[in-house]
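# Structural characterization, general
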Number of protein chains: 4
Amino acid sequence: MTGTDGVPAFPTSLGTSTADEIRLLGEDLSADLMGKVGFGELAFWLVALRRPTPSETRVFEAVLVALADHGFTPTAIAARLTYLSAPDSLQGAIAAGLLGGGSRFLGVTEDCGGYLRDVLDRHEGPLPADDAGWDALALAAVTRTREAGQYVPGLGHPVHKMRDPRTPVLIGIAEDEGLRGPHLRLFEAIGRVHEQVLGRRLPLNGAGVCGAALADLGLPVELLRGFALLARAAGLLGQIAEERRRPIGMDAYLTVDRNAVYTAPSADSGPDPSR
Amino acid sequence: MTGTDGVPAFPTSLGTSTADEIRLLGEDLSADLMGKVGFGELAFWLVALRRPTPSETRVFEAVLVALADHGFTPTAIAARLTYLSAPDSLQGAIAAGLLGGGSRFLGVTEDCGGYLRDVLDRHEGPLPADDAGWDALALAAVTRTREAGQYVPGLGHPVHKMRDPRTPVLIGIAEDEGLRGPHLRLFEAIGRVHEQVLGRRLPLNGAGVCGAALADLGLPVELLRGFALLARAAGLLGQIAEERRRPIGMDAYLTVDRNAVYTAPSADSGPDPSR
Amino acid sequence: MTGTDGVPAFPTSLGTSTADEIRLLGEDLSADLMGKVGFGELAFWLVALRRPTPSETRVFEAVLVALADHGFTPTAIAARLTYLSAPDSLQGAIAAGLLGGGSRFLGVTEDCGGYLRDVLDRHEGPLPADDAGWDALALAAVTRTREAGQYVPGLGHPVHKMRDPRTPVLIGIAEDEGLRGPHLRLFEAIGRVHEQVLGRRLPLNGAGVCGAALADLGLPVELLRGFALLARAAGLLGQIAEERRRPIGMDAYLTVDRNAVYTAPSADSGPDPSR
Amino acid sequence: MTGTDGVPAFPTSLGTSTADEIRLLGEDLSADLMGKVGFGELAFWLVALRRPTPSETRVFEAVLVALADHGFTPTAIAARLTYLSAPDSLQGAIAAGLLGGGSRFLGVTEDCGGYLRDVLDRHEGPLPADDAGWDALALAAVTRTREAGQYVPGLGHPVHKMRDPRTPVLIGIAEDEGLRGPHLRLFEAIGRVHEQVLGRRLPLNGAGVCGAALADLGLPVELLRGFALLARAAGLLGQIAEERRRPIGMDAYLTVDRNAVYTAPSADSGPDPSR
């Protein structure tokens with residue numbers, strides 16, 4: 001497929017425009033979308049290429065709300081420190097904050113959605129009809145994962161050691177909207193059975209339940225991290241607005257710098273977190 | 001104000017949590033926000049520290065929808081090329097795209113909102129009561145700006161030379177919601193009178209009208225660029241989802257690389273866009 | 001270990017300063033380093049915590065020179081497009097370019113160094129004394145890798161299909177400096193034997209030989225990508241300096257945008273590169 | 001100028017390659033540059049499009065060494081926090097650190113070089129022949145700047161209140177190499193005369209003297225920030241290598257998070273640093 005002058009054509013289903021019309025997703029942006037489609041609805045549509053139902057939108061936005069801001073996270077502090085150093089570049093501060101959205105923190109949402117999808121993909125025959133069936137599927141999966149020496153994503157939380165308040169609420173919203181699908185049911189079952197395998201009870205965390213809910217919405221699990229990043233972009237904007245009103249970046253920086261202690265170079269000192 | 005152990009306290013109105021509760025903006029995240037507050041509503045709240053009304057939310061989300069994606073912009077292409085090179089880091093591709101959200105492209109929204117606010121700030125006495133009054137205020141401002149050798153932000157568009165379809169639609173939505181305030185009225189007046197000063201008729205562009213509408217919502221004009229970045233984060237997620245389904249990054253890269261022509265080094269060759 | 005007021009102490013071997021002295025790596029920055037230590041030498045020292053010998057510095061800088069710029073790569077184009085959109089933020093353009101330094105492009109240097117180290121780590125007994133011994137070790141490794149369905153990093157190049165000119169030159173420099181160690185020898189052996197296993201002859205590429213040389217310098221293989229990023233930072237600065245003198249960003253963007261073709265949304269269209 | 005198929009040609013003086021040759025700056029990369037040109041030398045060449053002399057290289061590298069790392073700066077902490085959150089993306093951590101290289105911190109180098117150049121550009125007639133002449137020029141410039149209510153970049157330092165040790169050393173190196181040019185002489189004169197205008201004695205800081213020295217090397221003042229970013233890329237690599245050996249990111253984050261104090265939302269609380 002080529003365009004003018006033998007240059008390859010660049011196909012897209014997203015934004016295109018002519019002198020007097022702007023189209024997005026095949027719709028007329030100003031006539032059909034502005035004022036008629038919500039922002040969360042559009043974000044879903046841009047990725048899934050279909051307009052979500054009101055029920056899907058409610059679950060989707062509940063996830064974005066759950067992930068938007070968790071206070072002074074490393075990513076929020078990084079964004080504020082970047083804004084402190086480069087107040088001329090708001091985009092740089094937001095980008096710096098999003099760059100922390102990797103495997104360790106925001107990654108859980110994606111890892112959990114992917115884990116659940118893989119378990120469902122390798123399951124043969126019809127899905128379980130009752131909790132007992134889901135528990136059996138979950139038990140086999142957790143056992144397999146444990147035997148492989150891997151961890152089950154979505155279990156445990158450094159602060160909410162007993163119970164993550166977001167989990168039952170999101171499951172309830174999905175239930176209300178008729179969207180409590182196989183990923184959420186499997187995740188709930190993992191919550192019931194993991195103690196038998198791991199020997200201790202861990203809470204189903206909020207990042208994990210968000211990944212399960214997004215997967216039940218049919219969104220691509222390879223991009224679930226992206227929704228956490230979108231949610232976090234709103235949170236980071238709030239963090240920077242607050243940094244302008246009531247700065248803490250300078251104090252955060254000085255608290256570290258003033259407690260710096262020179263230690264003689266020694267390549268072998270300390271553990272290497274990567275090993 | 002200090003916290004434990006003489007460390008400075010770090011005040012925040014955003015996210016805080018305890019072992020069994022997660023709070024955001026002083027609300028209980030799971031009980032009061034998830035499923036009850038929309039994502040756009042929360043984004044507004046995080047910056048303005050007040051929950052927007054349904055009317056404000058509709059105008060605000062219409063702005064985010066208008067700014068989310070404009071197709072193959074330099075920022076969208078940069079995000080796709082970054083994803084091509086580093087598919088292991090979705091956050092890097094989104095961040096790379098947002099980094100283009102600076103003075104030239106996304107900056108218009110912020111520049112226009114700031115320009116309108118400055119004109120209103122330096123205006124003494126009551127605001128105009130009718131279009132004639134707004135036209136007089138606009139004419140004085142455009143004339144002053146022209147005399148200072150500066151440009152009026154929000155005027156003109158490379159593609160929509162006659163008329164930007166987003167402009168009348170957003171003004172209409174603001175009017176419907178009773179939120180067509182002084183920034184929008186002044187912007188409309190600039191649209192009516194600038195030809196008298198500049199000698200040619202330019203359209204009021206979409207980025208500009210978005211800045212005017214956000215300013216009328218009482219959002220801080222120093223952060224208007226941030227809302228364009230939030231909107232763009234959704235668009236970039238769509239661009240990357242599409243890059244996964246139907247890649248164009250490799251073709252875009254090869255089209256440039258295959259047409260590279262070596263030119264002998266010569267420091268003085270070509271204009272320096274900064275001068 | 002705690003600092004003042006019960007705040008944790010923050011140990012560092014890098015930069016520290018007092019009112020009248022600035023120290024770096026335990027040295028007096030102005031008295032002992034400025035004008036006496038080269039920049040490449042310092043970069044090595046900052047990571048390895050030991051000053052490299054002149055021979056190590058020569059090999060190290062040869063690697064940085066080899067990796068600095070490869071013309072219109074996706075990362076260079078992304079940096080130029082970002083500079084086009086946000087000329088007010090040079091740091092954003094450099095950062096956007098570096099964000100492409102991931103698994104696919106710059107990753108080869110790191111992957112190759114890590115692969116070679118793993119083969120050497122799992123080898124028992126003394127290292128081979130001659131080429132025949134290295135060939136046997138390489139043959140076993142390539143066979144194992146092939147059987148595991150994985151690829152051998154550092155083999156093959158899209159442009160330099162026969163021979164990558166950087167490879168013999170870097171090996172020669174390492175030989176001259178007495179630094180042609182086990183990683184390079186194993187890499188060379190892979191170049192000799194892989195055809196027996198893979199059925200076709202592939203060149204040892206420049207990124208791979210750089211990874212082998214850096215590993216022979218004793219640098220941490222988990223950070224080899226970082227040296228490629230440092231080298232690329234210089235290249236990106238050159239790209240942006242050229243973008244200022246003789247811009248191509250606008251043409252690159254328009255070439256894509258003008259050949260955009262709207263395609264009806266269809267989630268299943270096209271392959272998903274991740275699967 | 002067009003390339004194949006009517007696509008625009010993309011001229012470059014940097015990297016180009018064919019199946020069997022890789023060229024950079026018009027040179028054969030492997031035959032003429034690797035092992036023969038230092039990394040700092042190449043970085044200068046990539047921007048200036050001319051190979052620096054050994055003297056220029058020594059001054060240039062002394063500047064890079066001076067700017068590479070200043071310990072726990074906001075940018076170093078941001079990079080470490082980003083690495084803590086996303087250890088899978090080294091490029092993201094380096095990019096996050098560089099994004100702090102803006103107007104407030106790294107900007108001084110660029111601002112100072114630009115300030116000095118502007119003073120020299122507006123000076124008519126031959127340059128001063130002696131210190132008295134330079135003092136007169138500096139006095140006029142500082143007075144003009146003060147009257148305009150602006151500040152003179154390169155004066156003062158939060159830690160080195162009396163004297164920045166880098167300043168005399170860099171001037172000495174430039175003197176040794178015969179490169180103590182008009183920008184440095186003017187900067188030194190500002191150091192002698194500013195007290196007469198500002199009423200207090202401030203030290204000439206290290207970032208400022210680096211900007212002056214780079215300007216005397218004939219490098220484009222609009223890009224001086226870029227050299228600070230290149231230097232800092234090496235420092236950030238050292239910071240992340242140390243974060244792997246002996247992490248402080250988690251402690252830095254927890255020190256802030258554990259001292260978070262919820263404060264009721266109040267848009268007008270606190271000063272707005274932007275006003």
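Rules used throughout
- Residues numbered from 1 in each chain as written.
- Chains lettered and ligands numbered in written order.
- Predicted model: local features only at pLDDT ≥ 70, side-chain atom pairs only at ≥ 80, totals over all residues.
- Heavy atoms only, no water.
- Least-squares fit on C-alpha atoms with pLDDT ≥ 70 in both.
- Contact = heavy atoms within 4.5 Å.
- Domains from an automatic or database assignment.
- Buried area = accessible area lost by both parts, 1.4 Å probe.
- Salt bridge = Lys/Arg side-chain N within 4 Å of Asp/Glu carboxyl O.
- Polar contact = N/O pair within 3.5 Å; in protein donor to acceptor, adjacent residues only side chain to side chain.
- Helix = DSSP H or I, 4+ residues; strand = E, 2+ residues; numbered from the N terminus.
- Nonpolar A, V, L, I, M, F, W, Y, C, P; charged D, E, K, R; others polar.

This part is about the relation of the copies chain D and chain C. Rotating chain D by 180 degrees and translating it 0.0 Å along the rotation axis places it on chain C, where the RMSD comes to 0.0 Å. The superposition of one copy onto the other is thereby described by a two-fold rotation axis. Closest approach to the rotation axis among the C-alpha atoms of chain D is made by A95(D), whose C-alpha sits 2.3 Å away. Most of the interface of chain D is mirrored in chain C, where 100% of its interface residues again form contacts.

By a simple turn and slide, chain A fits onto chain B: the slide is 0.0 Å along the axis, the RMSD is 0.0 Å, and the turn is 180 degrees. Of the interface residues in chain A, 100% have counterparts in chain B that sit at the interface too, so the contact is made through matching surfaces.

It is worth spelling out the domain arrangement of chain A at this point. Residues and elements named next belong to chain A. The domain architecture assigned to chain A consists of domain 1 (27–102 + 227–250) and domain 2 (108–224). Each of domain 1 and domain 2 was reduced to a C-alpha centroid, and the two centroids are 25 Å apart. Opposite the 16 residues of domain 1 that make contact, domain 2 presents 17 residues. Counting each side, the surface lost to burial between domain 1 and domain 2 is near 1,500 Å², with a carbon and sulfur contribution of 74%. The three residues of domain 1 that bury the most area against domain 2 are R58, V59 and F227, which together make up 38% of that side's buried surface. Counting the contacts that link domain 1 with domain 2 gives one salt bridge. With its nearest N and O atoms 2.6 Å apart, the salt bridge here joins R58 to E177. Here domain 1 is connected to domain 2 by six residue pairs in polar contact (both at pLDDT 80 or more). Those elements that provide at least two residues to the side of domain 1 that touches domain 2 are helix 2 (39–48), helix 3 (54–67) and helix 11 (224–245).

Further remarks concern the interface of chain D and chain C. With 84 residues of chain D at the contact, the number on the chain C side is 84 residues. When the two sides are added together, the surface that chain D and chain C hide from each other amounts to roughly 6,900 Å², 72% of it contributed by carbon and sulfur. Where chain D meets chain C, there are two salt bridges. Linking E222(D) and R244(C) is a salt bridge whose minimum nitrogen-to-oxygen distance equals 3.7 Å. Our count for the contact surface shared by chain D and chain C stands at 14 residue pairs in polar contact (both at pLDDT 80 or more). Per-element accounting of the side of chain D that touches chain C gives the leading share, 17 residues, to helix 11 (residues 224–245) of chain D. Broken down by class, the residue content of the side of chain D that touches chain C amounts to 46 nonpolar, 21 polar and 17 charged.

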